[in-house]
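Reading the structure
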Amino acid sequence: MDVVDSVWTSAKEKGIMHLNSQEQSFNGQKFTIKGRELINFGTCGYLGLEVHPDLIASSMELTKKFGTQLSMSRAYIRPRYIQELEELMSELFDGHQVICYTSTSNAHISVIATIIKPDDLIVLDQQVHFSVQFPCKNTKLQGTEVKMVKHSNYEMLDEIIRENYNKYNRIWYMADGVYSMHGDLPDTVFLKKMLDKYPKLHLYFDDAHGMSWDGKNGAGYVYNKLGVSERIVIISTLAKGFGCVGGTAIFADAEMYRRTAIFGGPLSYSHPLSPANAGAAIASAKIHLSQTIYTYQAELKELIHYMNTKLEEKKLTNISSSDSPIYFIGSGLNKVTRNFVHRMLEEGIYVNTATFPVVPNDKSGLRFTLTRHNTKADIDLFTDLMAYHLPKAIEEEGDCVERVYKDFGFNFTQPASTSWGASVIEKSLYIYEYTTINAIGKKEWDDMFKDRGNISYSGMQCMEEIFSNNDRPEENWSFHYLFVKDKYGVIVLATFFTGAIYKDDILAPEQVSKKIEEVRKTEPYYLCSKTLSMGSLFCEGDFLYLDLKHPERKKAIQHLFDFVAKVKKDIQATTVIFRDFEEGNVLNAILENEGYSKIRMPNTNIVENPKWESVEDLMGLIPSKKRRDNIKQFAVRYLDRFDVTIKNQLSDDESNRYYDLFMNVKNANYSFNFFQYPRKLPQVLSKYKEWEFVEISLKENSQVVAVIFGYVGEDHYCPLIVGLDYTYINSHHIYKQAMFQMVKRGNDLNKKITYLGLTADFEKQKYLAKTIPTWGYLKVDETYNLELIESYSNI
């Protein structure tokens, strides 16, 4: 929701979403927005029936007869007009039983809750409509397992069916009849074969976007291709092409129909269709049962054919099915899509925006629909404008037209004169790229980064040593450093990235990661991706040096994105993360414009150390009595039970003991879920003078019960890792003792700042830690893993 909020708020601010129309009447052809008329290429009333005089007249007639509503459940009384409508819809679907709802979403909530059993398996297509996915979450509460396959990946579907065939009574594949974003269609021929191959397989379709414009009686794309049976359920619509409001469920299985009709969740606990809506639907059903429907279908299909011809002629990046009235013109980055859509709105064409997380970050685009309201003259104007403005929008936002077209499977030869400034960057700035800190001058690096956590020159040498030459692939990272200097050698921008295998649930809720870790016991790289990340998973803080006063800073930032794109390709990463940005950072808006999605990172906690000489002094600095009492009760009270020793060199036994204590914490914490560090970690750290180990042991038996791995900077202390013996968590409150010792060590070293790191904000705030919200910016090639992780969430 944070991602959706960020992306859509940005689109709203750009004036391309959440618009208000101003027309006093609507004939389907044009909107009035900000005092200007815009040709409508954005609504889903494919046959234009929403303004048909028969629908309007019937709606008014039933309103006059029955009022504006019947405020009661149909479990008590099903009004006559609903009976008439369902009988007409049954006739439309060749006598199959039909239930009508106030919306297609309510139909899904009703039917899925009724027909799905605990011993069923649900397999969701990645792009099946959210109105299908949402009620499937509820089925988890009864024990139904829900899985997901990549979009229209039937090989993956077949594999899941085979692996789970003997575990479940029925396997439901849930998909769309016409996918609402790209307008693509399921392979019904293959699905027929799957039904023959697997008797337990059942199909459940949302065919809302296929209704009316295709098939006998306008019964829809899926019904035309597959029909319904005891193993096929179709949920359709009274909206969109049908011209009204409401949803429908079509059954061939009499018992499924009976159970749904007798209660059906929202079917019984909410209002039925209003007389006005039912009246319009009755009139639409009669049109569908007449020859007129075929005239309307033919007219729309002629426009579809004409649109397809013009799009091909203009060589636009259309990736939609040629049989569907939904179109998607790929434009790449979010900022390009916003520019492109804004240009079309300015030209008097209303279209939709399609961006992450509905589509991958770099695969956003302009979405539009075709209806009988449109004319060939509209199409001519629209396609001419798109052909002109798409390259302009790409160039204006600093992207490459040829690259964008290639990403969507098209060829485009870009004139040399339109290339965006690569030669300018080379003339005014000098770019230096390195794969090891040893190739960089120590003073040059430390002047920028020595007081930013543990990423000093020596800190980076240590990090490179830890995460190199290990047996496991996830413990070997690649390091990528970037310097951008002007012609005088002045550094404008500097940073570093690491390439590593990340767990895609790194920021997921703990209960989700716990479920995923169960799968990883047999599939260790399940839901993992090669990731290029600013900084690394062994540090946190500010990883970017940027001279905000330098006149070439904008060009330097553009080269940063070029560098990231190049390295991402070189290491074959599928995910990129810019991280640890505070609110108000100059790069925040730029990153969003580059197509990165804003995500909440764990807060960081910093103590700006006021010097204290005794525990009493510390207590005097803390204004909250409740916090003082807590520290006294759980930390100060136990001080005499512990010996605290500072070590720099470790024996093999100490190294192994410290590592095991760290792994206790790692294995108990899923809130920031990443692969374990290499076992050699403590030994390597002990080779570098900046690192120390604060050992906390019991006086009674010398048992080491906690350890802190701390980095000592020139003006700061960074206790990066804590290890605990959980046997003593409650009896000796060793976590609270470790927290006290971290703060004390920073004070003893007389450092200005102690970085207390991520998570456990409440505990750290007791010691006057300033909790700072931080954000990351994410870009993924494919949204499947993120959506699959989301599907693990329960309600």
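How each quantity is defined
Position labels on residues start from 1 in each chain and follow its written sequence. Reporting of local features is limited, given that this is a predicted model, to residues whose pLDDT is at least 70; pairs of side-chain atoms are given and counted only at 80 or more, and all residues count toward the totals for whole chains, interfaces and linings. Hydrogen atoms and water are omitted, and side-chain values are computed over all heavy atoms in the structure. The helix and strand labels rest on DSSP assignments: H or I over at least four residues marks a helix, E over at least two residues marks a strand, and numbering proceeds from the N terminus. Only heavy atoms enter the contact rule, under which two residues are in contact if any of them lie within 4.5 Å. All accessibility values rest on the Shrake-Rupley procedure with a 1.4 Å probe; residue burial counts only the protein chains present in the view. Working convention for charge: Lys and Arg count positive, Asp and Glu count negative, and His plus the chain ends are omitted. Throughout, a charge is located at the NZ atom of Lys, the CZ atom of Arg, the CG atom of Asp or the CD atom of Glu. For every residue, the accessible area obtained with a 1.4 Å probe (protein chains only) is divided by the maximum for its type, and the residue is called buried under 20%, exposed over 50%, and partly exposed between those limits. Here, any two strands with at least 2 DSSP bridges between them count as paired. Take the buried Ala, Val, Leu, Ile, Met, Phe, Trp, Tyr and Cys residues and link them wherever side-chain atoms come within 4.5 Å; each set so joined is a nonpolar core. For this analysis, a polar contact is any N or O atom pair within 3.5 Å, provided that within protein one partner can donate a hydrogen and the other can accept it, and provided that sequence-adjacent residues contribute only side-chain to side-chain pairs. Like charges are joined within 9 Å and nonpolar side chains (Val, Leu, Ile, Met, Phe, Trp, Tyr) within 5 Å, but only among residues with over 30% relative accessible area and no salt bridge; these make up the patches. Any carboxyl oxygen of Asp or Glu that lies within 4 Å of a side-chain nitrogen of Lys or Arg is treated as forming a salt bridge with it. Working definition: a ring pair exists when centres of Phe, Tyr or Trp rings (six-membered ring for Trp) sit within 6.5 Å. Plane angles under 30 degrees give stacked, over 60 give edge-to-face, the rest tilted. Disulfides are defined as cysteine sulfur pairs within 2.5 Å. Fitting a line to C-alpha atoms yields each axis, with helices limited to the stretch in contact; the angle taken between N-to-C directions then spans 0 to 180 degrees. For this classification, under 35 degrees means roughly parallel, over 145 means roughly antiparallel, 65 to 115 means roughly perpendicular, and everything else is oblique. Here a crossing is taken to be left-handed if its near helix is turned anticlockwise relative to the far helix by less than a right angle, and right-handed if that turn runs clockwise. Classification convention: Asp, Glu, Lys, Arg as charged; Ala, Val, Leu, Ile, Met, Phe, Trp, Tyr, Cys, Pro as nonpolar; all other residues, Gly among them, as polar.

**Examining the overall build of the protein chain**
Of regular secondary structure, the protein chain possesses 29 helices and 26 strands. Principal axes of the C-alpha set define a box for the protein chain whose edges measure 90 × 65 × 50 Å. For the protein chain, the proportion of contacts with a sequence separation of at least 24, taken over those separated by at least 6, is 74%. Accessible surface, the protein chain as shown: approximately 33300 Å² in total, 50% of it carbon and sulfur. Looking at the protein chain, you have 92 positive and 102 negative side-chain charges, and the mean spots of the two groups are 2 Å apart.

**Quick notes on the pairing of strand β24 (residues 716–724)**
Of all the nine residues making up β24, eight are buried; the element is thus mostly covered by neighbouring parts of the structure. Taking the residues that link successive antiparallel strands as the turn, the strand β23 (residues 704–712)-β24 hairpin has three residues. Pairing of β24 with strand β25 (residues 753–758), which is carried by two bridges, proceeds in the parallel orientation. Considered in β25, the bridge of tyrosine 717 is made with threonine 754.

**Topic: the nonpolar core**
If you look at the biggest cluster of nonpolar residues, it comprises 105 residues, and the most contacted ones within it are Phe41, Met89, Tyr173, Leu366, Phe368, Phe382 and Met386. For phenylalanine 41, the contacting residues outside a window of four places in its chain are Met307, Ile349, Tyr350, Val351, Phe368, Thr369, Leu370, Asn374, Asp378, Ile379 and Phe382.

**Here's the deal with the pairing of strand β10 (residues 326–332)**
When you tally the buried positions in β10, you get seven out of seven residues, the bulk of the element. The side-chain alternation of β10 yields two buried faces, one formed by Ile326, Phe328, Gly330 and Gly332 and the other by Tyr327, Ile329 and Ser331.

**A short note on the side chain of threonine 104**
Structurally, the position occupied by threonine 104 is in helix α4 (residues 104–115). Here threonine 237 takes part through its side chain, which lies 3.4 Å from a polar atom of the side chain of threonine 104. Beyond its immediate chain neighbours, meaning those up to four positions away, threonine 104 contacts Asp206, Ile235, Ser236, Thr237, Gly246 and Gly247.

**Quick notes on a nonpolar patch on the surface**
On the surface, a nonpolar cluster with roughly 380 Å² of combined accessible area is contributed by Ile262, Phe263 and Tyr269. Take tyrosine 269: it is sitting in helix α10 (residues 266–269). Residue tyrosine 269 is classed as exposed on the basis of its relative accessible area of 57%.

**A closer look at the packing of aromatic side chains**
Counted under the stated rule, the structure contains 41 aromatic pairs. Between phenylalanine 467 and tyrosine 677, the aromatic rings sit 5.7 Å apart at their centres with planes inclined by 75°, giving edge-to-face as the arrangement. Of the two residues, phenylalanine 467 is situated in the loop between α18 (457–466) and β15 (478–486) and tyrosine 677 in the loop between α24 (652–668) and α25 (681–685); the sequence distance between them amounts to 210 residues. Considered together, phenylalanine 467 and tyrosine 677 belong to a single accessibility category, that of buried residues.

**Notes on the state of the cysteines**
Linking two cysteines covalently via their sulfur atoms produces the bond known as a disulfide. All told, the structure shown has zero disulfides when counted by the stated rule. Of all cysteine sulfurs, the one in cysteine 539 lies closest to cysteine 718, which takes part in no disulfide; the gap is 8.9 Å. A relative accessible area of 4% places cysteine 718 in the buried class.

**A few points about the packing of α4 against helix α9 (residues 254–262)**
Where α4 meets α9, the axes come as close as 9 Å, and the angle between the chain directions of the two elements is 120°. The angle between α4 and α9 falls in the class oblique. Considering only the axes of α4 and α9, their crossing is right-handed. Taking contact as the criterion, the partners of Ser110, Val111, Thr114 and Ile115 in α4 are, on α9, Met256, Arg259 and Thr260. For the contact of α4 with α9, the per-class residue count stands at three nonpolar, three polar and one charged.

**Structural notes on unusual backbone geometry**
Backbone geometry places serine 212, a non-glycine residue, at a positive phi of 80°. Along the chain, the position of serine 212 falls in the loop between β7 (201–206) and α8 (221–225). Serine 212 sits in the buried class, given a relative accessible area of 0%. Positive phi outside glycine occurs at aspartate 580, with the angle close to 65°. Under the relative-accessibility criterion, aspartate 580 is labelled buried at 12%.

**Observations concerning the sheet that holds strand β3 (residues 97–101)**
In a beta sheet, neighbouring strands pair by backbone hydrogen bonds and run either parallel or antiparallel. Spatial strand order, β3-β9-β8-β7-β6-β4-β5: seven strands in an open sheet with mixed pairing. Unpaired on one side and paired on the other, β3 and β5 (145–149) mark the two borders of the sheet. Along the sheet, successive strands turn relative to each other by an average axial angle of 20°, direction set aside. Alignment of β7 against strand β8 (residues 232–237), held across four bridges, turns out to be parallel. Bridging across to β8, leucine 203 finds its partner in isoleucine 232. Across the sheet, α9 is in contact with β3, β6 (170–176), β8 and β9 (247–251); its angle to β3 comes to roughly 30°.

**With respect to the environment of aspartate 94**
Examined against the element boundaries, aspartate 94 turns out to sit in the loop between α3 (80–92) and β3. C-alpha separation for the pair aspartate 94 and lysine 216, spaced 122 residues apart in sequence, amounts to 9.6 Å. Excluding anything up to four places from it in sequence, aspartate 94 contacts Lys216, Asn217 and Tyr223. Engagement of the side chain of aspartate 94 in a polar contact is seen with the side chain of lysine 216, the distance being 2.9 Å.

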